Amino acid sequence: MRAELERIRTGIPGLDTVLGGGLLRGRSYIVQGNPGAGKTILANQACFHRAAQGGQALFVTLLSESHDLLLQHLSTLDFFDESRVPESVYYISALGTLQREGLDGVARLLREETASRKASLLVFDGLLNVRDATGSAPDLKQFLQTVQTQVAFAGCTILMLTSARLEDESPEHTVVDGVIELGNAMAGVRTVRRLQVRKFRGGASLGGLHQFQIDSRGMTVFPRLEAQYACPSAEDEMPFHEGRAGTGVAALDAMMDGGLPRGSMTLAFGPSGIGKTTLGLHFLAAAPPDEPALHFGFYESPPRLLAKAAALGLDLRPGLESGQLEILWQPPTERLLDPLGHSLLDAVARRGVKRLFIDGLGAFERAAIHPPRLVEYFTALTNELRVRGVTALGSWEVPNIAGGVVEAPSPELSSVVENLVYMRFVEQKGRVNRVMAVLKLRDSAFDPNLQQFSITDRGLDLTRAERGSEAMLSGLAHQVGTEPAQRVPPA
Amino acid sequence: MTGRLILVVDDEVLIALLASEVLTDAGYRVVVAHDGRAALEILRREPPDAVVTDYMMPRLDGLGLALAMRDDPALRHVPVVLTSAVAGDVLERHPGLFFSFLQKPYDLARLLGAVRDAVGAPGAPG
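Residues numbered from 1 in each chain as written. Chains lettered and ligands numbered in written order. Predicted model: local features only at pLDDT ≥ 70, side-chain atom pairs only at ≥ 80, totals over all residues. Heavy atoms only, no water.

Participant: Whenever I open this one, the overall build of chain A confuses me. Can you help?
Facilitator: Broken down by element type, chain A carries 16 helices and 24 strands. Across its three principal directions, the C-alpha atoms of chain A cover 95 × 50 × 50 Å. The buried share of chain A, taken over its 491 residues, is 55%. Long-range contacts, defined as pairs at least 24 residues apart, comprise 70% of the intrachain contacts of chain A with a sequence gap of at least 6. Just so you have it, chain A exposes about 20,800 Å², and 51% of that area is on carbon and sulfur atoms. In chain A, the 49 positive side-chain charges and the 55 negative ones have mean positions that sit 1 Å from each other. (Helix = DSSP H or I, 4+ residues; strand = E, 2+ residues; numbered from the N terminus. Buried < 20%, exposed > 50% of the residue type's maximum accessible area, 1.4 Å probe, protein only. Contact = heavy atoms within 4.5 Å. Areas by Shrake-Rupley, 256 points an atom, 1.4 Å probe, with all protein chains shown as cover. Lys, Arg positive; Asp, Glu negative; His and termini not counted. Charge placed at Lys NZ, Arg CZ, Asp CG, Glu CD.)

Quick look at the structure:
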């Protein structure tokens, strides 16, 4: 039988997930990163979490920076709880001890203080100074092993912080049980903070670079979505997926045998202004009471969406007021892919969302710093939505307003999207009309006919497209038997 | 040297050093310890006129130091100035134990003021 080792949770959102449940009790870890990378915040946040759990944390520094300034900085962060200091979170300096008694004295101090304070978490800040104080690698290794034997094996977990760029074969790394590295990466003009677990003995951790943020709440780690949900969080239960979720547009439902297949991902793609958001609003407004609905959008603010819906004859306010519908607007700031995905999945989990409209999926693509990962990312996201029984509709904007070839949506998306609805403008008899067509529907037959539609004060209004027209999907419709209009070659 | 003797206790070496230099420049005699236990040893060899101590320290904290001084008839009357960034409710729980409290980080004028309040001018008779 597989034994589970006892964990000390850091309480840092996302980090415990990356660590496979938390740090191991009685093990030692290095947290490394440049000054400003967030090591001190990580360690303090873990200390205050320990205190909140009723445990004791000890913070020992070998640095010349004063604790007063550290505490002043911490006092601006939400997790800082002054009432825990000094009873449950205790700060001392070992610099004087190092100067007078050397490393043996420091090791003794750590052992005595951990024991007398009954600490279950020890932070030791300034490992670089230990390196400077030791003449040789064996001395350094011996110090670390002494501390580990005396402190960690007594049941206290140790976090050692260092601004050194330690390599895997360094004495420090070989001795400790795990290494967490914090770093910054430039992406265009942005700086992105990233965390990597470079070593973790005794358990599986999520590999790779995980984005994290530091704000007034302290540190929040966003595990790479495709790593966290490499396997979906639940079994893929087929009963979720029986039947159809009506779109609220009866004529469209009729084309799809009753609506969107439950638990599937549908992409509505077409140019700006064609009516993708309108379709999404219908879909959300048609949600029955036992299907909580979520609008996860990037363009319109909630008031504008309400106004837009009202102009279509859809009143979203009762749903918003009763909690049946949530509009989660992602304001147009700098966005990162993993925070977006986690924000979406959290919102789905919070209310047991069963109907989701994402307007538009292109924002995910733009948030990607490393676009090749989008395939795995969207796969993980859609699989996770499926096992949570969510019927999802997403919009995807294609660049051509009219004319030109049919643009396939992003290749990253095509592989994971189960249903495709294409919408576009066509020129017919001197008029610009809207048409839509179902191009793909999961495991089922569908009406392949083009539907002409208009947007009215009663919403989307579909009528069968004029028979005998051809090449409407190309945007240059013509009557059968007549010459198609000459296409202007692209410049 | 006949000036008043101040014991500065702080585990943060730089803070102890800075406080000691300022008090020395002002005319006090100063001894330094980096934890409460070392401070008690110094105190028992030569009782000072005042103690300025940090709260959180290894081995024996500022509260433990003050309690040990209160239990020692030779040290009971030495005023203790507590300095800390976060003192919690120690002052309320131990009324009268400390002569005064100095919030950290303190500027050096406030340190001098606190010491002067406790013992008077550097060379003045008690």
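That covers the picture; the talk isn't over yet.
Participant: Before we go on, may I ask you to explain helix α6 (residues 137-150) of chain A in this structure?
Facilitator: Given 3.6 residues per turn, any residue in an α-helix points the same way as the ones three and four places further on. All names here are of chain A. End to end, α6 covers 20 Å across 14 residues, agreeing with the expected 20 Å (1.5 Å per residue, within 8%). For α6, the complete set of buried residues consists of L140, F143, L144, V147 and Q148. Seen along its axis, α6 keeps its buried residues to an arc of 130°; they face one direction. Every exposed residue of α6 that faces more than 90 degrees away from the buried side is listed here: P138 and Q142. Packed against the buried residues of α6 are β3 (28-32), α4 (95-116), β6 (121-125), α5 (127-133), β7 (157-162) and α7 (171-175). (Expected span 1.5 Å × (residues − 1). Arc of directions from axis to C-beta.)

Participant: It is not clear to me how the packing of helix α1 (residues 13-25) of chain B against helix α5 (residues 108-119) of chain B should be interpreted in this structure. Could you clarify?
Facilitator: Pairs of packed helices are described in terms of their axes, by the angle between the two and the distance that separates them. Residues and elements named next belong to chain B. Contact pair α1 / α5: the axes reach a minimum separation of 10 Å and the direction vectors enclose 65°. For α1 against α5, the interelement crossing comes out right-handed. Two secondary-structure elements touch here, α1 through L18, A19, V22 and L23 and α5 through L108, L111, L112 and V115. Tallied by class, residues from the contact of α1 with α5 come to eight nonpolar, no polar and no charged. (Axes fitted to C-alpha atoms, helices over the stretch in contact; angles between N-to-C directions. Left-handed = near helix turned anticlockwise from the far one by under 90°. Nonpolar A, V, L, I, M, F, W, Y, C, P; charged D, E, K, R; others polar.)

Participant: Could you clarify how one ought to interpret the packing of aromatic side chains in this entry?
Facilitator: Two aromatic rings, taken as a pair, are described by how far apart their centres are and by the angle between their planes. Residues and elements named next belong to chain A. Tallied over the entire structure, the rule returns twelve aromatic pairs over all chains. An angle of 65° between the planes, with centres 5.2 Å apart, marks the rings of F48 and F80 as edge-to-face. Note that F48 is positioned in helix α2 (residues 39-52) and F80 in the loop between α3 (67-74) and β5 (89-93), a separation of 32 residues in sequence. Per residue, the accessibility class of F48 equals that of F80, and both read buried. Aromatic pair F59 and Y91: ring centres 5.2 Å apart, planes at 35°, arrangement tilted. (Phe/Tyr/Trp six-rings, centres within 6.5 Å; stacked < 30°, edge-to-face > 60°.)

Participant: Looking at this structure, I do not really get α1(B). What am I missing?
Facilitator: Taking 1.5 Å of rise per residue, 13 residues should cover 18 Å, and α1(B) covers 18 Å from first to last C-alpha, within 8% of that figure. Among the residues of α1(B), those classed as buried are B:V13, B:I15, B:A16, B:A19, B:S20, B:V22 and B:L23. Where α1(B) is buried, its residues touch α3 and α4 of chain A together with β1 (5-9), β2 (29-33) and α5 of chain B.

Participant: In this structure, what is going on with the confidence of the model for chain A? I would like to understand it.
Facilitator: Low-confidence regions, as indicated by low pLDDT, have predicted coordinates that should not be scrutinised in detail. Looking at chain A as a whole, the pLDDT averages 88, with 90% of positions reaching at least 70. In this model, residues 484-491 of chain A is a region of pLDDT below 50 whose contacts with residues beyond four sequence positions or in other chains number four contacts. (pLDDT = per-residue confidence, 0-100.)

Participant: How should the packing of helix α2 (residues 36-45) of chain B against helix α3 (residues 62-70) of chain B be read in this particular structure?
Facilitator: Residue and element names in this part refer to chain B. One can describe the packing of α2 onto α3 by two numbers: an axis separation of 9 Å at closest approach and a directional angle of 30°. In this view, α2 runs roughly parallel relative to α3, as classed from their interaxial angle. The element α2 and its partner α3 pack so that their crossing is right-handed. When α2 is examined against α3, the residues G36, A39, L40, L43 and R44 are found in contact with a partner set consisting of L65, A68 and M69. When grouped by side-chain class, the residues that make up the contact of α2 with α3 number six nonpolar, one polar and one charged. (Parallel < 35°, antiparallel > 145°, perpendicular 65-115°, else oblique.)

Participant: I'm lost on the interface of chain A and chain B in this one. Help?
Facilitator: It is common to give the size of an interface as the accessible area that goes away when the parts come together. Listed per partner, the contact involves 28 residues of chain A and 21 residues of chain B. When chain A packs against chain B, close to 1,900 Å² is buried across both sides, 55% of that on carbon and sulfur atoms. Where chain A touches chain B, the interface holds four salt bridges. B:R93 serves as the salt-bridge partner of A:E87, at 3.2 Å between the closest nitrogen and oxygen. Linking chain A with chain B are seven residue pairs in polar contact (both at pLDDT 80 or more), by the criterion used here. Counting residues per element, the ones that place at least two in the side of chain A that touches chain B are α3, β5 and α4 of chain A. With ten residues, the single largest contributor to the side of chain A that touches chain B is α4(A). (Buried area = accessible area lost by both parts, 1.4 Å probe. Salt bridge = Lys/Arg side-chain N within 4 Å of Asp/Glu carboxyl O. Polar contact = N/O pair within 3.5 Å; in protein donor to acceptor, adjacent residues only side chain to side chain.)

Participant: Looking at this structure, I do not really get the UniProt feature "domain: KaiC" (unreviewed entry) in chain A. What am I missing?
Facilitator: Feature annotation in UniProt assigns "domain: KaiC" (unreviewed entry) to the following positions: residues 6-235 and 243-476 of chain A. Counting secondary structure, residues 6-235 of chain A comes out at 34% helix and 27% strand; the distance between its end C-alpha atoms is 27 Å. (UniProt positions renumbered as here; feature names shortened; annotations may be inferred.)

Participant: What am I meant to see in the pairing of strand β18 (residues 391-397) of chain A here?
Facilitator: Walk down a regular strand and you will see the side chains alternate between the two sheet faces. Residues and elements named next belong to chain A. For β18, the tally of buried residues reaches six of seven residues, placing the bulk of the element in the interior. Here strand β17 (residues 355-359) runs beside β18; their pairing, made up of four bridges, is parallel. Among the inter-strand pairings, R355 is bridged to a residue of β18, identified as T391. (Pairing = 2+ DSSP bridges.)

Participant: I tried to follow the pattern of salt bridges on my own but got confused; where do I start?
Facilitator: Pairing between side chains of opposite charge can happen when the charged atoms of each approach one another. Residues and elements named next belong to chain B. Under the counting rule described, the total for this entry stands at 34 salt bridges over all chains. A salt bridge links K104 to D54, with the shortest nitrogen-to-oxygen separation between them at 3.1 Å. Here the residue K104 occupies a position in the loop between β5 (100-103) and α5, and D54 occupies one in strand β3 (residues 50-54), the gap between them amounting to 50 residues. Taken individually, K104 and D54 each receive the classification buried, so the pair is uniform in this respect. The shortest N-O distance in the salt bridge between D89 and R93 comes to 3.0 Å. A relative accessible area of 35% means that D89 is categorised as partly exposed. A relative accessible area of 41% places R93 in the partly exposed class.

Participant: Whenever I open this one, empty space enclosed by the protein confuses me. Can you help?
Facilitator: Here the idea is plain: a probe the size of a water molecule rolls over the atoms and shows the empty space left. If you walk through the whole model with that rule in mind, you get three cavities of 30 Å³ or more. Of the pockets and cavities examined, the largest cavity occupies roughly 70 Å³. Lining the largest cavity we find A:H67, A:D68, A:L71, A:Y91, B:D11, B:E12, B:D54, B:Y55, B:M56, B:S84, B:A85 and B:K104. The element that contributes the greatest number of residues to the lining of the largest cavity is α3(A), accounting for three residues. The calculated volume of the second largest cavity comes to roughly 40 Å³. In terms of lining, the second largest cavity is formed by A:G263, A:S264, A:M265, A:T382, A:L385, A:R386, A:V390, A:A392 and A:E418. If you tally residues by element for the lining of the second largest cavity, the top one is helix α15 (residues 374-387) of chain A, at three residues. (1 Å grid on protein atoms, 1.4 Å probe; cavity = no way out; pocket = protein on both sides within 12 Å on 5 of 7 lines; lining within 4 Å. Points joined across faces, edges and corners; volume = space filled by probe spheres on them.)

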